[in-house]
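Secondary and tertiary structure notes
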Amino acid sequence: ELKVEQNPLFLSMQEGKNYTIYCNYSTTSDRLYWYRQDPGKSLESLFVLLSNGAVKQEGRLMASLDTKARLSTLHITAAVHDLSATYFCAVGTQGGSEKLVFGKGTKLTVNP
Amino acid sequence: DARVTQTPRHKVTEMGQEVTMRCQPILGHNTVFWYRQTMMQGLELLAYFRNRAPLDDSGMPKDRFSAEMPDATLATLKIQPSEPRDSAVYFCASGLVRDGGSSTDTQYFGPGTRLTVL
């Protein structure tokens, strides 16, 4: 059974600092997704990572995937308050299924 | 701007009542997912459909929950009878699976239905 672990679950940062959120998963997968959720809102897709070594960047966020280590990272550069949200990684199950297994989420708070 | 829509956005009901939630997927998407989000359990997949056929409902309590897709533009999730432990936010998401393989496209989430069962 595929398990997805994120850490940390809570992260409080100062504006301008850098930090990394980690997403580990337990079985082989060929696709990994990052989503953002603002309080009381829906999930918004950030990145789709489909191959080993894939790296995607959007603004101050950069996501990467290491399928051999079963690890994805979401790196935050020079954080700003607007990045405060909960970030989820989701991993695709094998075998032609569209199912995703989500991590518990990392609640990020960026303080001025 | 194509998006998934869900109704109602909020629902407060009493234990034992029937609750029906509706979802309109993005036009052209052929997979629809129902998720439940709670503080304790996080985001759980309840059921999903491809081309309107149910593929997996193993995450759903079978005795009280049912999910259907009467047509390509409507998915429903019904709870009968509802219980206080069903209080959660229910999200519908849709996606596109291309011929021959599993989906690599992201799932697009609706705004959710916040359900409170008293």
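Presented here is an overview of the structure given in this document.

1. Description of the overall build of chain A
What chain A contains, in helices and strands, is 0 helices and 11 strands. Listing every helix and strand of chain A by position from the N terminus yields β-β-β-β-β-β-β-β-β-β-β. Taking 13 Å as the expected radius of gyration for a compact globule of 112 residues, we find that chain A reaches 13 Å, a close match to that expectation. Its C-alpha atoms put chain A at 45 × 30 × 20 Å along the principal axes. By residue count, 46% of the 112 residues in chain A fall in the buried class. Contacts spanning at least 24 positions in sequence make up 55% of the contacts within chain A whose residues lie at least 6 apart. When the accessible surface of chain A is summed, it comes to about 5,500 Å², and 50% of that surface belongs to carbon and sulfur atoms. Between the centroid of the 12 positive side chains of chain A and the centroid of its 10 negative side chains there is a distance of 3 Å.

2. Quick notes on the side chain of A:Ser42
Along the chain, A:Ser42 turns up in the loop between strand 4 (32-37) and strand 5 (43-49). With relative accessibility at 18%, the residue A:Ser42 sits in the buried group. Among the polar contacts listed, one links the side chain of A:Ser42 to the backbone oxygen of B:Gly110, at a separation of 2.5 Å. The contact partners of A:Ser42, leaving out residues within four places of it in the chain, are A:Arg36, A:Gln37, B:Phe91, B:Phe109, B:Gly110 and B:Pro111.

3. With respect to the sheet that holds strand 7 (residues 61-66) of chain A
Residues and elements named next belong to chain A. Strand order across the open sheet formed by 5 strands is 1-3-8-7-6, with antiparallel pairing between neighbours. Two strands close off the open sheet at either side, each with one partner strand: strand 1 (4-7) and strand 6 (55-58). Here the strands of the sheet are splayed against their neighbours by 15° on average, with no regard to which way each runs.

4. A word on the state of the cysteines
What the rule picks out here adds up to 2 disulfides over all chains. Sulfur-sulfur distance for the disulfide between A:Cys23 and A:Cys89 comes to 2.0 Å. A torsion of 80° about the S-S bond marks the disulfide between A:Cys23 and A:Cys89 as right-handed. In this pair, A:Cys23 sits in strand 3 (residues 19-25) while A:Cys89 sits in strand 9 (residues 85-92), placing the two residues 66 residues apart along the sequence. Taken individually, A:Cys23 and A:Cys89 each receive the classification buried, so the pair is uniform in this respect. What pairs with B:Cys23 in a disulfide is B:Cys92, and their sulfur atoms sit 1.9 Å apart. Judged by the torsion about the S-S bond (-55°), the B:Cys23/B:Cys92 disulfide is left-handed. Of this pair, B:Cys23 sits in strand 3 (residues 19-24) while B:Cys92 sits in strand 9 (residues 88-95), and the two are 69 residues apart along the sequence. Here B:Cys23 and B:Cys92 have matching classes, each one buried.

How each quantity is defined
- Residues numbered from 1 in each chain as written.
- Chains lettered and ligands numbered in written order.
- Predicted model: local features only at pLDDT ≥ 70, side-chain atom pairs only at ≥ 80, totals over all residues.
- Heavy atoms only, no water.
- Helix = DSSP H or I, 4+ residues; strand = E, 2+ residues; numbered from the N terminus.
- Rg over C-alpha atoms; globule rule 2.2 N^0.38 Å.
- Buried < 20%, exposed > 50% of the residue type's maximum accessible area, 1.4 Å probe, protein only.
- Contact = heavy atoms within 4.5 Å.
- Areas by Shrake-Rupley, 256 points an atom, 1.4 Å probe, with all protein chains shown as cover.
- Lys, Arg positive; Asp, Glu negative; His and termini not counted.
- Charge placed at Lys NZ, Arg CZ, Asp CG, Glu CD.
- Polar contact = N/O pair within 3.5 Å; in protein donor to acceptor, adjacent residues only side chain to side chain.
- Pairing = 2+ DSSP bridges.
- Axes fitted to C-alpha atoms, helices over the stretch in contact; angles between N-to-C directions.
- Disulfide = S-S within 2.5 Å.

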